[in-house]
Amino acid sequence: MSNTSGGRLGFLSLRSKAVATGVVIVFLISGVTTSFTLFTVRAYITNQRITSATNQAAVLSREVARLLRDGIEPNSALEEISASSNSIQTFLETINFSITARAGTDISTIPEMLRANAHNGTPGRQIYKHAGTPYLAMAFPIEIENSSKYVFISVVSLSELNRIIVILGRMLVIGVMIASILGGIVGLWLSRRVSEPLRRVGDAALLIAAGDLAIQLPHAKEPDLNKISTSFNEMTKSLRNRIDREARFGAVVSHELRSPLTAIRSASDLLDSHRAELSPQLASTVDLLSERVVTFQKILNDLIEISRYESGNVQPNLEELKIIRILESLLARHHMAKDDFLEATSSEDQTVLVDAKRFKYIFDNLIDNATLYAGGIAKIRVETIDDNVYVHFDDAGIGIPPTMQKLIFDPFVRGARHSNIHGSGLGLAIAKEHATNFLGSISVSTSPEGGARFTVGLQKGSEAE
Amino acid sequence: MQTRILFVEDDNKIRHLITTSMNEDGFLVTDVESGEDALTRIENDQFDIAIVDLRLPGISGLEVVRRARKTTAIPIVVLTAFGDSHDVVAALEAGADDFLNKPIGTKELSARIRAILRRISPPIEEVTDSHFTFGTLAISIDLHEATSSGRQIDLTRTEFQVLKELIVRSPKIVTRHDLLESVWGYDYLGDSRLVDMQIYRLRSKLAECEVPESIQTIRGVGFKIVE
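Residues numbered from 1 in each chain as written. Chains lettered and ligands numbered in written order. Predicted model: local features only at pLDDT ≥ 70, side-chain atom pairs only at ≥ 80, totals over all residues.

Asker: Give a detailed account of the overall build of chain A, specifying residues and quantitative values.
Answerer: Each helix and strand in chain A was counted, giving eleven helices and twelve strands. When the 465 residues of chain A are sorted by exposure, 24% land in the buried category. Long-range pairs, those at least 24 residues apart, make up 62% of the contacts in chain A with a sequence separation of at least 6. (Helix = DSSP H or I, 4+ residues; strand = E, 2+ residues; numbered from the N terminus. Buried ≥ 20, exposed ≤ 12 C-beta atoms within 10 Å, placed from the backbone. Contact = placed C-beta atoms within 7 Å.)

Asker: Describe the packing of helix 1 (residues 14-69) of chain A against helix 2 (residues 74-82) of chain A, listing the residues and the values that go with them.
Answerer: The description of two packed helices rests on the angle between their axes and on the distance between the axes. Residues and elements named next belong to chain A. Across the interface, helix 1 lies against helix 2 with an axial gap of 9 Å and an inter-helix angle of 140°. Comparing the axis directions of helix 1 and helix 2 gives the class oblique. The handedness of the crossing between helix 1 and helix 2 is right-handed. Counting all contacts with helix 1, which are made through Leu 60, Glu 63, Val 64, Leu 67 and Leu 68, the residues of helix 2 involved are Pro 74, Ala 77, Glu 80 and Ile 81. (Axes fitted to C-alpha atoms, helices over the stretch in contact; angles between N-to-C directions. Parallel < 35°, antiparallel > 145°, perpendicular 65-115°, else oblique. Left-handed = near helix turned anticlockwise from the far one by under 90°.)

Asker: Provide a residue-level description of the pairing of strand 12 (residues 222-226) of chain B, including the pertinent values.
Answerer: Residue and element names in this part refer to chain B. Pairing analysis gives two bridges linking strand 10 (residues 174-175) to strand 12, with the strands arranged antiparallel. Residue pairing across strands places Thr 175 opposite Gly 222, the latter belonging to strand 12. Bridging between strand 11 (residues 214-218) and strand 12 involves five bridges; their strand directions are antiparallel. Paired with Thr 217 across the strands is Phe 223, a residue of strand 12. (Pairing = 2+ DSSP bridges.)

Asker: Go over the interface of chain A and chain B with me, naming the residues and quoting the values.
Answerer: Many analyses report the size of an interface as the accessible area lost when the parts associate. Listed by partner, the interface residues are 31 residues for chain A and 26 residues for chain B. The set of elements that each furnish at least two residues to the side of chain A that touches chain B consists of helix 5 (223-273), helix 6 (280-310), strand 6 (318-322), helix 7 (323-333) and helix 9 (356-373) of chain A. No other element matches helix 5 of chain A, which puts twelve residues into the side of chain A that touches chain B. When grouped by side-chain class, the residues that make up the side of chain A that touches chain B number seven nonpolar, twelve polar and twelve charged. (Nonpolar A, V, L, I, M, F, W, Y, C, P; charged D, E, K, R; others polar.)

Asker: Before we move on, can you summarise the nonpolar core with the specific residues and values?
Answerer: With 63 residues, the main nonpolar core has Ile5(B), Ala50(B), Val52(B), Val65(B), Val78(B) and Ala91(B) as its most contacted residues. In terms of residue count, the dominant contributor to this core is helix 8 (residues 192-208) of chain B (six residues). Counting contributing residues, this core receives three or more from each of domain 1 (4-120) and domain 2 (126-226) of chain B. Ignoring anything within four residues of it in the chain, the contact list for Val52(B) reads Val8(B), Ala38(B), Gly61(B), Val64(B), Val65(B), Ile76(B), Val78(B) and Leu79(B). Membership of the second largest hydrophobic core comes to 40 residues, among which are Phe359(A), Ile380(A), Val456(A) and Leu189(B). (Core = buried A, V, L, I, M, F, W, Y, C linked by C-beta atoms within 7 Å. Domains from an automatic or database assignment.)

Asker: Pulling in residues and values, what's your account of the sheet that holds strand 7 (residues 137-140) of chain B?
Answerer: All names here are of chain B. Spatially, four strands are ordered 6-7-8-9 in an open sheet, and the strand pairing comes out antiparallel. Looking at the sheet topology across the chains shown, the edges are occupied by strand 6 (131-134) and strand 9 (151-153). Adjacent strand axes in the sheet meet at a mean angle of 25°, parallel and antiparallel pairs treated alike. Note: strand 8 (residues 145-148) against strand 9, three bridges, orientation antiparallel. Across the sheet, residue Thr 147 finds its bridge partner in strand 9, namely Gln 152.

Asker: Talk me through helix 5 (residues 106-120) of chain B; I want residue IDs and the actual numbers.
Answerer: Residue and element names in this part refer to chain B. Taking 1.5 Å per residue as the helical rise, helix 5 with its 15 residues ought to reach 21 Å, and the 21 Å between its terminal C-alpha atoms agrees with that figure. Those residues of helix 5 that fall on the buried side of the exposure criterion are Thr 106, Leu 109, Ser 110, Arg 112, Ile 113, Ile 116 and Ile 120. Projected down its long axis, helix 5 shows its buried positions confined to an angular sector of 165°, all on one face. (Expected span 1.5 Å × (residues − 1). Arc of directions from axis to C-beta.)

Asker: I'd like a description of the sheet that holds strand 12 of chain B, backed by residues and values.
Answerer: Spatially, the three strands line up as an open sheet ordered 10-12-11 (chain B), and their pairing is antiparallel. Each having just a single partner strand, strand 10 and strand 11 of chain B make up the two edges of the open sheet.

Asker: Could you give an account of the packing of helix 1 (residues 12-24) of chain B against helix 5 of chain B, with specific residues and numbers?
Answerer: Residue and element names in this part refer to chain B. Orientation of helix 1 relative to helix 5, taken along the N-to-C sense of each, is 55°, at an axis distance of 10 Å. In terms of axis orientation, helix 1 runs oblique to helix 5. Our pair here, helix 1 against helix 5, has a crossing hand that is right-handed. Here Ile 18, Ser 21 and Met 22 of helix 1 come into contact with helix 5, specifically with Thr 106, Leu 109 and Ser 110. Its residues placed into classes, the contact of helix 1 with helix 5 shows three nonpolar, three polar and no charged.

Asker: Tell me about unusual backbone geometry, and please be specific about residues and values.
Answerer: In this structure, Pro171(B) follows Ser170(B) across a cis peptide bond, with omega equal to 10°. Residue placement: Pro171(B) occurs in the loop between helix 6 (157-169) and strand 10. One non-glycine residue, Ala131(A), lies in positive phi territory at about 50°. If you trace the backbone, Ala131(A) turns up in the loop between strand 3 (124-130) and strand 4 (133-143). Of note, His144(B) is a non-glycine position whose phi angle comes to about 55°, a positive value. Checked against the element boundaries, His144(B) lands in the loop between strand 7 and strand 8. On the neighbour-count criterion, His144(B) (16 C-beta atoms within 10 Å) is partly exposed.

As structure tokens, this is what we get:
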């Protein structure tokens, strides 16, 4: 079964696949061509060798026949021809299988059938192996006028021929290997030329995903590849312009709303300070106004903050602070007793590297969310692991389903049953931006008691204050 | 005696609402709508604190702070657009003592003014010891006066408080958060840029007056006055 990333070879990159395919094709083509060449050459030179050996043996046979007719003894006849046939073993065999042979030769290895056919008047030749060495044996019947019959046998070693074929075979195999390696190198070079612009596009896309919209691809030499670079750069430019426009719009609208909001808030504060003089109905109206003005201000601040992130206009203000002291201070602002809510694994108050304003935002947001959605905060636990300090915010709710946990830090995500609760829907998205840009990390899981657990990871500071 | 506040804001309705609210809170507020008016008032009248909106037509709030700082030592609090950190840094460099983000409620504004004034001019009954010295430096809390070998050093109220804390706590190191708490009235999570900017200004003034003592930064910890 294939998967979406490219079947069984899905783990290989496109470039590796292209190179591997090139190498396999070069290997197959050169392998088939070489094998064909080897077999053809082998057949040809073997045939040539056999023909030449046969002709030579026929000549020797005729010479021996002449000598025998002249009354020369078989032994002497073989000696006579030996001068011109040192590399050939020669035998003379009479009809009653008495054998005359030169010293150092052995008739017993020669195939019986070949000898028998020659004795019956049929010349022949046969290739056979003895002790691993190939030989060509040729047998010629010789008839003398006085009716004595002989069989002349000539044996030629084919080991030299075999060695040449093996060397040739090895050379061709090496040739195939070199061709395959060269094919691979050329494939690598070509694929690099083609894939480099694609790789750059991929890298640039990753940078864009990470928020770097200023990325530009260099001009490519190849017209086809240059088209990719140019269209990619145009795409990032239009994306950048669009985001800039939206960020500017958000920032301008948010800033312009601030003046009327200041007036509304001042008016609401003034009315609230005269609450005692108002009728109960008017007093409750003032309460509603005050509450909504504060909510409106929070939403506005969130919009300004997120537009600042989108325009890249954010500066960290990192300090080394004591985490327990920070949490005690923040708990006090929320009128929460530290003894009821704060737990730490380490007795030492660890120094952490933190942007206090942004940590405060996350703290306030998590406390407010727990209060609105989950029956409040149950515990804030501080855990120190190696060089990190983790602050777990455990709420008293029923936890967040895993599918929701994946989306919870996205802007404007809120549980369906909480749609009537007022807020920007940007709180956790901003918390995520603050945490990942200036603090360390933020994640969501389930607390040991079953409620939601938001964990803010901070880096330990270098010095104790 | 009522606290006298100069409030500079160009939006008539907002200025009127905030002035009314703060007057009802017991302050004596003089409200002006332009930087020019603010500078005239600072020159001619006595105030305990000035609150200046940075976005003013004509002479900007930043320029008001810069010019006012040459003639007055009173705390100056600027009102800035939320999160505009470059505005904040520029205002603190110009001589502002603190900043508040807009939009701000009148209750919050009143509370902040009280916190600043309480630490900068504590009620006389809370002052147990009024004279401290360190090397050639001497400070008188009653007179809000700092001298080096008898020569007066011209300090703002906030700078004076920072120097006082460094001398009183010497030879201990004073952390940024000690200063935020004792000088500005913030709890542990104040903005440390307030401290850094005041230390910078204080160092410059000590150097201008050729004071042999100096403020040493203990990296990652805080500050210490040394001879």
